[in-house]
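# Inside the fold
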Amino acid sequence: MKDPSYRMQTQCVNIWRYLLIVFLCISLTASLVVLGIDLDWLINGPEFLTKICARIKERMANEDLTDEEELLKNFTIARESIWLQVFVIIVVAITTIFVIINLIGCAGSCILSYSLLSGFTIFMMLTSILGIAVTCAFILPFANISSDLDSSLDPMARDLISQYKTEKHGGTAHIIIDSVQRELECCGYNSLNDWKDAIITPRIITPRSMEHNDATDDDMMFPASCCPLNVTSCTMEDVFNVSCREIIQDNYLNPDNVIGLIGISIIVVVSFMIVTFFISFVMCCIARRSRGTKWSIVNWGGAGSRDETYSTSVIQH
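The sections below set out a description of the structure shown in this document. Here the structure is a predicted model, which is why all the values come from computation and not from measurement.

### Some points on the overall build of the protein chain
- Scanning the protein chain from N- to C-terminus turns up 12 helices and 0 strands.
- Put simply, the protein chain runs from its N terminus to its C terminus through helices and strands in the order α-α-α-α-α-α-α-α-α-α-α-α.
- Within the protein chain, the fraction of its 317 residues that count as buried is 43%.
- Here the contacts in the protein chain between residues at least 6 apart in sequence split such that 66% fall between residues at least 24 apart.
- Total accessible area on the protein chain is roughly 17600 Å²; 65% of this is exposed by carbon and sulfur atoms.

### Comments concerning the environment of Asn102
- Counting through the fold element by element, Asn102 comes out in helix α4 (residues 82–111).
- For Asn102, a relative accessible area of 2% gives the class buried.
- Of the polar contacts made by the side chain of Asn102, one reaches the side chain of Ser27; its length is 3.0 Å.

### Observations regarding the packing of aromatic side chains
- Tallied over the entire structure, the rule returns 5 aromatic pairs.
- When the centroid spacing of 6.1 Å and the interplanar angle of 65° are considered together, the rings of Trp16 and Phe278 count as edge-to-face. With a gap of 262 residues between them, Trp16 in helix α1 (residues 4–44) and Phe278 in helix α11 (residues 258–289) connect regions that are remote in the sequence.
- Look at Phe23 and Phe272: their rings are 5.0 Å apart centre to centre, the planes differ by 25°, and that puts the pair in the stacked class. Taken together, the residues Phe23 in helix α1 and Phe272 in helix α11 connect sequence positions 249 residues apart.

### So, the state of the cysteines
- Here the structure, examined in full by the defined rule, presents 3 disulfides.
- Two residues share a disulfide in this structure: Cys186 and Cys244, whose sulfurs sit 2.0 Å from each other. Its S-S torsion of about 90° marks the bond between Cys186 and Cys244 as right-handed, since a negative value means left-handed. On the criterion of sequence distance, the pair formed by Cys186 in the loop between α8 (172–184) and α9 (193–198) and Cys244 in helix α10 (residues 244–251) is long-range, its members being 58 residues apart. This pair shows no difference in class: Cys186 is buried, exactly as Cys244 is.
- Two residues, Cys187 and Cys226, share a disulfide whose sulfurs are 2.2 Å apart. Across the S-S bond linking Cys187 and Cys226, the dihedral sits near 80°, which makes this disulfide right-handed. You can see Cys187 sitting in the loop between α8 and α9 and its partner Cys226 sitting in the loop between α9 and α10, a full 39 residues away along the chain.
- You can call Cys187 buried: its relative accessible area is 0%.
- With its bonded cysteines labelled in order along the sequence, the protein chain shows the pairing 1-6, 2-3, 4-5.
- Free cysteine Cys106: the closest other cysteine sulfur is in Cys25, separated by 5.1 Å.

### Structural notes on unusual backbone geometry
- Not every positive phi belongs to a glycine, and Leu112 is a case in point at roughly 55°.
- Within the secondary structure, Leu112 is located in the loop between α4 and α5 (114–139).
- Overall, the relative accessible area of 6% leaves Leu112 in the buried class.
- A positive phi angle is found at Glu185, which is not glycine, with a value near 55°.
- Residue classification places Glu185 among the partly exposed positions, given a relative accessible area of 49%.

### Points about the packing of helix α7 (residues 154–166) against α8
- Look at α7 against α8: their axes get within 8 Å of each other, and the N-to-C directions meet at 120°. Where α7 crosses over α8, the handedness of that crossing is left-handed. Packed against α7, whose contacting residues are Leu160, Ile161, Gln163 and Tyr164, the element α8 presents Ala173, His174, Ile176, Ile177 and Asp178 at the interface.
- Residues of the contact of α7 with α8, tallied by class, amount to 6 nonpolar, 2 polar and 1 charged.

### Comments concerning a nonpolar patch on the surface
- A cluster of nonpolar side chains, namely Ile82, Trp83, Val86, Ile90 and Ile94, defines an oily patch on the protein surface of about 540 Å² accessible area.
- Along the chain, the position of Ile90 falls in helix α4.
- Accessibility expressed as a relative area gives 44% for Ile90, which makes it partly exposed.

Scoring rules and cut-offs
- Per chain, the residues get numbers from 1 upward, laid out in the order the sequence is written.
- Given that the model is predicted, a residue must reach a pLDDT of at least 70 before its local features are reported, and side-chain atom pairs must reach 80 or more before they are shown or counted; all residues, however, enter totals for whole chains, interfaces and linings.
- Just so you know, side-chain values use all the structure's heavy atoms and leave hydrogens and water out.
- Think of it this way: any DSSP run of H or I at least four residues long counts as a helix, any run of E at least two long counts as a strand, and we number them from the N terminus.
- When accessible area is computed with a 1.4 Å probe and restricted to protein chains, residues below 20% of their type maximum are described as buried, those above 50% as exposed, and intermediate ones as partly exposed.
- Note on definitions: a residue-residue contact is assigned when non-hydrogen atoms from the two residues lie within 4.5 Å.
- Note on areas: Shrake-Rupley with a 1.4 Å probe; residue coverage comes only from the protein chains shown.
- In protein, a polar contact requires one atom able to donate a hydrogen and another able to accept it; more generally it is a pair of N or O atoms within 3.5 Å, and residues adjacent in sequence count only if both atoms are side-chain atoms.
- Within 6.5 Å between ring centres, the rings of Phe, Tyr and Trp (the latter by its six-membered ring) count as paired, and their orientation is classed by plane angle as stacked under 30 degrees, edge-to-face over 60, tilted in between.
- Count a disulfide wherever a pair of cysteine sulfur atoms falls within 2.5 Å.
- Throughout, an axis means a line fitted to C-alpha atoms (over the contacting stretch in the case of helices), and angles, computed between N-to-C directions, take values from 0 to 180 degrees.
- With the far helix as reference, a near helix turned anticlockwise by less than a right angle produces a left-handed crossing, and one turned clockwise produces a right-handed crossing.
- Residues are grouped as follows: Ala, Val, Leu, Ile, Met, Phe, Trp, Tyr, Cys and Pro are nonpolar; Asp, Glu, Lys and Arg are charged; every other residue, Gly included, is polar.
- Patch members must show over 30% relative accessible area and no salt bridge, and they are joined within 9 Å when carrying like charges or within 5 Å when they are nonpolar side chains of Val, Leu, Ile, Met, Phe, Trp or Tyr.
- Each salt bridge in this description consists of a side-chain nitrogen of Lys or Arg and a carboxyl oxygen of Asp or Glu lying within 4 Å of one another.

Structure, rendered in structure tokens:
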């Protein structure tokens, strides 16, 4: 008859192992979804992603109708950018690596392989450190902790505004700037002067949608996203007077807007990675102490000698 302590040891190992498998299945599913969306972007174009973004905007803004055609136009123009294509290819490569690593982690957890689990644990440790760095880079500039970090975002904002004025028919900058300014009801990163300094001729700053902006070239002073939707001519009288930096600082973890959702999503993903690393580290230690013991995904009741061999090896170490 087996010692109760041996059975408890076996149950404890199975709990950690099944917990790791659950986390890996969630990670694998998320990686496959992102990989599928990226491949669809590369192969079929931005139509599917446009529908997803339009539905998200409708749900968040409580709007019955989103200008899907304009969003598709901006995505189509953005797709022609070589840098965006390179970024999508890099994301495809990263998600593919994650899929492979998750499969390795699942295999190592199922057969309790120290070699596979140690490799997976090292990978998760490195990605967790990188994730923490990315989280700090996103949060610290908006947490009023360091003015140097905040000022480092100014060149990025100026570059986006510069791209906006040169992309006369839509593009990546239009998607980012119009989404942020319309969602947060702000104008310019630091102040309205960001757009005044950027304006060379009124024709350069194109409206968010010609259907929603009937202003002439002489009247056009700001992008249409700097004004409410019901305003037909976005001039100084109707423009949002709050800078986007102030709004972002107050809402970078607010789930009611896009910026807040991005911040929360980053924190959730990084926390998930850290927890996965911790569980895999525990499994790696267990596998190291049970080298030479054969395991399967299910410890059948008739395999008493195998359970006893494993438990004895753990206790002796």
